[in-house]
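What follows is the residue order along each chain.
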Amino acid sequence: MAARAPLAGPGPVAAAGLLALLSAAWALGAAREGGGPARFPWDAVRLPRDVVPLHYHLLIHPNLSTLSFAGTAAIEVTATRPTRGVVLHGKHLRVTGATVQAAGSRSAREASVLEHQPLEQMALLLDEPLRAGHNYTLRLQYHANLSESFHGFYQSSYSTRDGERRTLAATQFEPTAARMAFPCFDEPAFKARFSITIRRELKHLALSNMPIVKSVQVTPWLVEDHFDTTVRMSTYLVAFIVSDFKSISKITNHGVKISMYTVPEKISQAEYALEAAVKLLDFYEDYFSIPYPLPKQDLAAIPDFQSAAMENWGLTTYRESALLYDPEKSSASSKLSITMIIAHELAHQWFGNLVTMEWWNDLWLNEGFAKFMEFVSVSVTHPELRVEDSFLMRCFDAMEMDALNSSHPVSTPVEDPDQILEMFDSVSYDKGSCILHMLREYLTADVFKAGLVQYLQKYSYQNTKNEDLWNSMTNICPTLGTSKNEQAADGFCRRSQESSSSAHWTQGETLDVKAMMDTWTLQKGFPLVTVTVRGKNVQLQQERYVTGADSSPAPGSLWHIPLTYVTSTSDTVQRFLMTTKADVIILPEEVEWVKFNVDMNGYYIVHYEGDGWDRLTKLVKENHTVLSSNDRASLINNAFQLVRMKKLSISKALDLTLYLRREKQIMPVLQGMHELIPIYRIMEKRDTGATGKQLQEYIVSLFRELIEKQSWSDEGSVSDRLLRHSLLLFACLHRHPPCLGRAEGYFTQWQKSNGTLRLPADVKTAVYVVGAQRSEGWEFLLSKYRLNSFSVERESIELALSFSRRQDKLQWLMDQGLRGDIIRTQDLPHIIIFVARNPSGYQLAWMFLKENWDKLVKKFELGSSTLAQIVSGVTSQYSTRSQLAQVKEFFSSLGEKSARLRCVQQAIETIQDNMQWMDRNLEELETWLQNSPL
C-alpha cells in the first residue's frame, strides 16, 4: 500500500469517516457563531471533498505595463454533501466579488469570502446550504500582481538585439501555484475541464493548452482569444503565455501539429527541437498504443524559467538552454540534454497528464516514469546519442543521496506545499527511473511494456496510487518466444518449467510484482549485497547500505533483489531473485571470479568478501575488456562506496583505479574522475599540502595519455565528444601544461578576432576557463556574455567566469545574479555552485548564501530542488569541525521551516561523512600515493 497523507483520502470518491464528519461539522455549524466575526470553516491542508469541480471557465487579462492581471473564474461544481461553506485554494488573489448559482436557476446568490493565508485557502460562505447531488456555478472576480518569482502567473522579459526591453507573462503551476493565478481546487485528484479566455493587446499573442477557436476584438486595442475546452486534467497542468513569440510548426505522422515558440530573434535555433519533438511524439503514440488526445503540442522557450521544463498538457514550457540549439555553436552535451528534456516532457503527456498520481506522495509515478522513458524513447529515436551511457551516472547520483539517513522512501507522506516541493528530488526522479529500469530487466521488455499500456488504458483521465501500477504489471501474461506462460486463479503469472535459467528468474516462479516493488518504494535506501565465494558455493547476504556517523543498518530492511551475475567460465547472464537476508547459489564449477549486478541494471551495490576484490582488480589490470564498460564503471563506483562504509580500504579502491591508464570508454573514465576529483576538492579546502598535490598529480597521470590523444575539434561520435569535453576541461582546470598552452593559444586568437573565430563547440568551455584566469580575458568574456549572439554559450561562459581567482569578480557575479539585470536570476544557482567549487570562492559562496537566504527563499521557494541544490553545492565539500559548526549554527538560527528542510539534514550528514572519511583514510591515502607506481 502506498503511504497516504494522514488526514484525508486523496480522491473525491474516497472521502469517508473522520473527514466526512469534520467537513459536515465545520461547514454546516461554524461559519458564524453568536453573531461574532466569521470563522474559517476548515482547518486541514487537504481540501474537503464535499464540493467537486467539473468545469472551469476562466477569463484572464494580464497588463504587461502595470505587471498585474484581472480575472474571472466561473467554476461548475457538484455538491457531494450538504454544506454552507465551499473551501478552495487562493494565494495572493484579491477577490472583489463572489456568487453561487444553482444549475437551472436564473439568479445567483452573493457569497461572502474568507481567506486563510497559512493554508493558502479561501472559503465562500452561504446563507443556505448547497444540496447534495446538485450542480452549482461559483463565480469569482479577482485581481493580482504578476508574480516576481518563477511560479504562478509570473513576469519575464528579454532584450532585443537593439537593446529594447520586452515583457511577457507565463505560468508555472506545478505543484501548488495554480492558486496564484485563479481560485481553484488545487490538488491533483480534483480533475476538471478548462475553458480559457485570454484578453491581450493586439501586438501580443496568447497560448494555452488548447488551440484558439475564436478571437474577438473587444476594444480598438484589446483582443479576446477563446481557447477550446481541455480534456479532464489537474490544475497544475493548466498553462497560458502572453508574449510576442514567433513560431515554426510541423505535423507528426499521427496528425498532431507541433509548434516551437521562442523570442523572435532566436527562432532559427528552434529547428532541432522541433524535429526531435515530432519524432518523439510519434514514438510515444506507437509505444503506448494510445493516441495523443489533443490536436496540438506547443513547446515554448521562456527567457526566465526556474527548472529545466514543465509538462503542461499541450503547452510544454522550457528554459531557453533546454530547448534552443545552434548547430554552429552548441555542444554535443547540449544536443543530448535538449533531446532528453523534450523526451521527458512528452512522456508526461501520458504519465502524469493522462494518468496522474492521486497525491504528491506518489510523485515518482509521474517523474520516475518520465525520467525512465527518456532513455527508452531516445535510444530508439536518436540512437546516435547513446543515452544508455548516461543512465548509469544517474543511478549512482541517486544512490549518493539515498545512502543518507535523511533520505526518504520513493513514496512518502507529504502534506504542506514545502513538503510537496521537497519531493521533486533525485529520489523521485532518478531512483524512480532506476528501479523501473531494474523492473523492466526483471520482467523482460515485452511484459513491462504490456503492463504499462494496460495501466495507461485502464486509468486514463483518472488518478492512481503505487499499487495500481504494480497490479497492472502483475497481471500481464504475454507469450514470450517458446516459453509457456499461464495465469493462475490468484491472478499471478507463472512461467513454465521449460523456461531457461538464463532467460528467466527461477523456474515455475510466481511473479508477485507488488510484493517485490513495495520493498523498493516503501522503504528508503538500497541494499548492499555481500558475496562470499567458497568453492562452488556463493554465499549471499543483504543489508541496507548506509553512510554517516551514527549509521547502523536497520534490522528490518529487506529487499526482493533481482540478482544477475557472470563468471570467469560463462558470460551468459545468470539470474536469481533474492528475497531473504541470506541465501546460497551453487555454481556448476569453481570459478576464478564472479561479477554481480551485470551492467549495473539493479539498484544495489556489491561487496566481494575475502579475495573477491583482488581477483576482479587483477582481471581489469590484465584484460579489462572482458567486462562491459558499465560493469567496469560499476566496480569503480562500488569500491569507493564501500570505502565510505568501512567495508573496503582506500588502498584497495585506489589499486582498482590503476587500470584506468588503459581505459578509453566514457563511462569508466568519467566514473573514475567522479570518485577521485571530489576527494581532491575536499583536500584542497583543508589545506592538506603535499598529499593534495600528489593526488592531483595521480589523477592527471591516470588520464594523461587519453587527454593528450584528444583532438581539439568536434569530430567523432557523441560519446567521443562528451568525453573530450570532460577530459579537456578537467586538464585545464587542473593546470595540465599541454592543455593550458593549447587553450591559451585558442583564446588569444578568439579574442583578437573579437569573438568571431569559430571555436570547436566541445572544447570552448576549456578555452574560456583558461582565458578567464586573466583579468583582461575575464572582462572580454563578460562583454560577449551580454550579447544575444552568444546566448547558447552562456552556461559555458558562466562556468569560466566563476573560476576566476579574483574574489571581487566572484562576488560581483553572485550579486549580479541576485539583481537579475546582466545575469538572469534563473542562472544564479549555477553560479553560486560554481563559485563554491572554486578554491578562491568557496567561503564567499557560503557568506552569500547566509546573507541572502531570505531573498533566495522568496525567489526560488522553500523546499524547492533549486534551493536544495544551492545548499548542497555550497556545503558538500566541507569536512572540518569548524565548517560543520557554522552550517549547524546558521540553519538552526532560521525559522523552524528552514531548519527542518531535508536538504539541510543532508548537508549536515554529508559534512559529517566527509569528516569521518578524512579521519579514517587520509594517512593511508598519503602512504599509498607515496608508493604509487605511477
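Scroll up a little and you will see the structure.
Residues numbered from 1 in each chain as written. Predicted model: local features only at pLDDT ≥ 70, side-chain atom pairs only at ≥ 80, totals over all residues. Heavy atoms only, no water.

1. So, the overall build of the protein chain
Tallying secondary structure elements over the protein chain gives 28 helices and 31 strands in all. In terms of overall dimensions, the protein chain is globule-like: its C-alpha atoms have a radius of gyration of 29 Å, near the 30 Å expected for 934 residues. Reported as C-alpha extents along the three principal axes, the dimensions of the protein chain are approximately 90 × 75 × 55 Å. A burial count over the protein chain gives 62% of its 934 residues as buried. Partitioning the contacts of the protein chain with sequence separation of at least 6, the portion at a separation of at least 24 is 71%. When the accessible surface of the protein chain is totalled, it reaches about 34300 Å², and 49% of it is carbon and sulfur. For the protein chain, the distance from the average site of its 96 positive side-chain charges to the average site of its 105 negative ones is 2 Å. (Helix = DSSP H or I, 4+ residues; strand = E, 2+ residues; numbered from the N terminus. Rg over C-alpha atoms; globule rule 2.2 N^0.38 Å. Buried < 20%, exposed > 50% of the residue type's maximum accessible area, 1.4 Å probe, protein only. Contact = heavy atoms within 4.5 Å. Areas by Shrake-Rupley, 256 points an atom, 1.4 Å probe, with all protein chains shown as cover. Lys, Arg positive; Asp, Glu negative; His and termini not counted. Charge placed at Lys NZ, Arg CZ, Asp CG, Glu CD.)

2. Considering the pairing of strand β18 (residues 296–302)
Judged by how many residues are buried, β18 sits mostly within the fold: 7 of 7 residues are covered. Here β18 shows a buried face lined by Lys296, Asp298, Ala300 and Ile302 and a second buried face lined by Gln297, Leu299 and Ala301. As judged from the 5 bridges shared by strand β17 (residues 257–262) and β18, these two strands associate in the parallel manner. Paired with Tyr261 across the strands is Ala300, a residue of β18. One crossover worth recording links β17 to the parallel β18 by way of helix α2 (residues 271–288), and it is left-handed. Where β18 and strand β20 (residues 315–319) come together, 5 bridges link them in parallel fashion. Within β20, the position partnered with Ile302 by the bridge is Arg319. (Pairing = 2+ DSSP bridges. Right-handed = clockwise from strand over helix to strand, strands pointing away.)

3. With respect to the state of the cysteines
What the rule picks out here adds up to 2 disulfides. Residue pairing for Cys395: its cysteine sulfur links by disulfide to Cys434, the two sulfurs lying 2.0 Å apart. Between Cys395 and Cys434 the disulfide shows an S-S torsion of about -105°. By sign, it is left-handed. Here the residue Cys395 occupies a position in helix α5 (residues 388–402), and Cys434 occupies one in helix α7 (residues 426–443), the gap between them amounting to 39 residues. You can call Cys395 buried: its relative accessible area is 5%. We classify Cys434 as buried; its relative accessible area is 2%. Disulfide partner of Cys732: Cys739, at an S-S distance of 2.2 Å. Taking the torsion about the S-S bond as the criterion, the Cys732 to Cys739 disulfide, at about -85°, is left-handed. (Disulfide = S-S within 2.5 Å.)

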